[in-house]
Amino acid sequence: MTERITKDMARNIYFGGGLFAILVFTGLTFDTVNRIPELSHESKITKSVIAGKKVWEENDCVGCHTLLGEGAYYAPELGNAFQRLGGSDKQGFRDYMQGWMAAQPLDIPDRRKMPQFNLTTKQVNNLADFLMWMSKVNAQEWPPNIQG
Ligand code: HEC
């Protein structure tokens, strides 16, 4: 005797399996959305962080740099710039950013250049705060190394 899948069985597998997949997908979507505030530690988004993000957008930093891998691959990843350049020291990083932004473009032959943006001290501090907030986003071990 050969066992065959009847039309009824096929229909049940189709609808049952489909419904199961939709439930799993919906559940995982809710789980992810619920965890975003914690992963992005949004409670730490200060006015200065918001202002820094504006400076970042208005000057198209993302046209050359990436944040957590998103952006252009011309210049270094900056999602972890705080750990890499500031040694995770807040004032140290702010000072580094002031010096770095003021010194562009560096006059070093055969090296990619970053433009001079003529930003104010306050704007650069905002940028530093934005990048410090960025560096604390829980990106599940991304980028994989300190170089980005
Ligand atoms: C036209 C491309 C370009 C744009 C736009 C740009 N950068 Fe850069 N940036 C570079 C390049 C190239 C380097 C690497 C320069 C070097 O190492 O000498 C760099 C390096 C940096 C570094 C140091 C990174 C490190 O690991 O050494 C910081 C911080 C930085 N940029 C911040 C910014 C910010 C903030 C903006 C927006 C206001 C910005 N950049 C816009 C090209 C750009």
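Analysis parameters
Residues numbered from 1 in each chain as written. Predicted model: local features only at pLDDT ≥ 70, side-chain atom pairs only at ≥ 80, totals over all residues. Heavy atoms only, no water. Helix = DSSP H or I, 4+ residues; strand = E, 2+ residues; numbered from the N terminus. Rg over C-alpha atoms; globule rule 2.2 N^0.38 Å. Buried < 20%, exposed > 50% of the residue type's maximum accessible area, 1.4 Å probe, protein only. Contact = heavy atoms within 4.5 Å. Areas by Shrake-Rupley, 256 points an atom, 1.4 Å probe, with all protein chains shown as cover. Lys, Arg positive; Asp, Glu negative; His and termini not counted. Charge placed at Lys NZ, Arg CZ, Asp CG, Glu CD. Axes fitted to C-alpha atoms, helices over the stretch in contact; angles between N-to-C directions. Parallel < 35°, antiparallel > 145°, perpendicular 65-115°, else oblique. Left-handed = near helix turned anticlockwise from the far one by under 90°. Patch = residues over 30% accessible without salt bridge, like charges linked within 9 Å, V, L, I, M, F, W, Y side chains within 5 Å. Salt bridge = Lys/Arg side-chain N within 4 Å of Asp/Glu carboxyl O. Donors = N, O, S within 2.8 Å, 3.2 Å for Na, K, Ca; no water. Tetrahedral: all angles 85-135°; square planar, octahedral: opposite > 155°, others 65-115°. Core = buried A, V, L, I, M, F, W, Y, C linked by side-chain atoms within 4.5 Å. Expected span 1.5 Å × (residues − 1).

## Overview of the overall build of the protein
Logical step 1: Along the backbone of the protein there are five helices and two strands.
Logical step 2: Compactness check: the protein gives a C-alpha radius of gyration of 24 Å against a globular reference of 15 Å for 148 residues, more than 25% above the reference.
Logical step 3: Each of the three principal axes of the protein carries a C-alpha extent, and together these read 85 × 40 × 25 Å.
Logical step 4: For the protein, the proportion of its 148 residues judged to be buried stands at 26%.
Logical step 5: Partitioning the intrachain contacts of the protein with sequence separation of at least 6 by distance along the chain shows that 57% fall at a separation of at least 24.
Logical step 6: On the protein, roughly 10,600 Å² of surface is accessible, and the fraction owed to carbon and sulfur atoms is 60%.
Logical step 7: Between the centroid of the 16 positive side chains of the protein and the centroid of its 16 negative side chains there is a distance of 3 Å.

## Describing the packing of helix α4 (residues 90–103) against helix α5 (residues 121–135)
Logical step 1: At a minimum axis distance of 9 Å, the contact between α4 and α5 shows a crossing angle of 130°. Taken together, the axis directions place α4 and α5 in an arrangement best described as oblique. At the point where α4 passes α5, the crossing takes the right-handed sense. Two secondary-structure elements touch here, α4 through Lys 90, Phe 93, Arg 94, Met 97, Gln 98 and Met 101 and α5 through Thr 121, Val 124, Asn 125, Leu 127, Ala 128, Asp 129, Leu 131 and Met 132.

## Here's the deal with a nonpolar patch on the surface
Logical step 1: A surface patch of nonpolar side chains, about 320 Å² in accessible area, is lined by Ile 5, Met 9 and Ile 13.
Logical step 2: Here Met 9 shows up in helix α1 (residues 7–39).

## Details of the coordination of the iron atom of the ligand
Logical step 1: Around the iron atom of the ligand, the protein contributes the donor atoms His 65 (NE2) and Met 114 (SD), at 2.0 to 2.1 Å from the metal centre.
Logical step 2: In this structure, the iron atom of the ligand is surrounded by six donor atoms whose angles at the metal cover 83 to 179°, and the resulting shape is octahedral. Of this pair, His 65 sits in the loop between α2 (47–58) and β1 (66–67) while Met 114 sits in the loop between α4 and α5, and the two are 49 residues apart along the sequence. Here His 65 matches Met 114 in class, with each residue buried.

## Focus: the nonpolar core
Logical step 1: Judged by nonpolar contacts, the single largest core of 21 residues is most densely connected at Trp 56, Leu 67, Phe 93, Met 97, Phe 130 and Leu 131.
Logical step 2: Contributions of two or more residues to this core are made by α2, α3 (81–86), α4 and α5.
Logical step 3: Here the element with the most residues in this core is α5; it accounts for eight residues.
Logical step 4: Those residues within four positions of Phe 130 in sequence are excluded, and the remaining contacts are Val 49, Gly 52, Lys 53, Trp 56 and Leu 67.

## Observations regarding α5
Logical step 1: Taking 1.5 Å per residue as the helical rise, α5 with its 15 residues ought to reach 21 Å, and the 21 Å between its terminal C-alpha atoms agrees with that figure.
Logical step 2: The buried fraction of α5 amounts to 11 of the 15 residues, a majority that puts the element mostly inside the structure.
Logical step 3: Those residues of α5 that sit buried are Val 124, Asn 126, Leu 127, Ala 128, Asp 129, Phe 130, Leu 131, Met 132, Trp 133, Met 134 and Ser 135.
Logical step 4: Those residues of α5 hidden inside the fold are in contact with α2, β1, α3 and α4.

## Concerning the pattern of salt bridges
Logical step 1: Following the criterion strictly, the structure yields four salt bridges and no others.
Logical step 2: Residue Asp 8 pairs with Arg 11 through a salt bridge whose shortest N-O separation is 3.4 Å. Highlighted residues: Asp 8 and Arg 11, both in helix α1, separated by three residues, approximately one helical turn.
Logical step 3: The shortest N-O distance in the salt bridge between Asp 31 and Arg 35 comes to 3.6 Å. Remark: Arg 35 and Asp 31 occur in helix α1; sequence separation between them is four residues, near one turn of the helix.
Logical step 4: Judged by relative accessible area, which is 36%, Arg 35 ranks as partly exposed.

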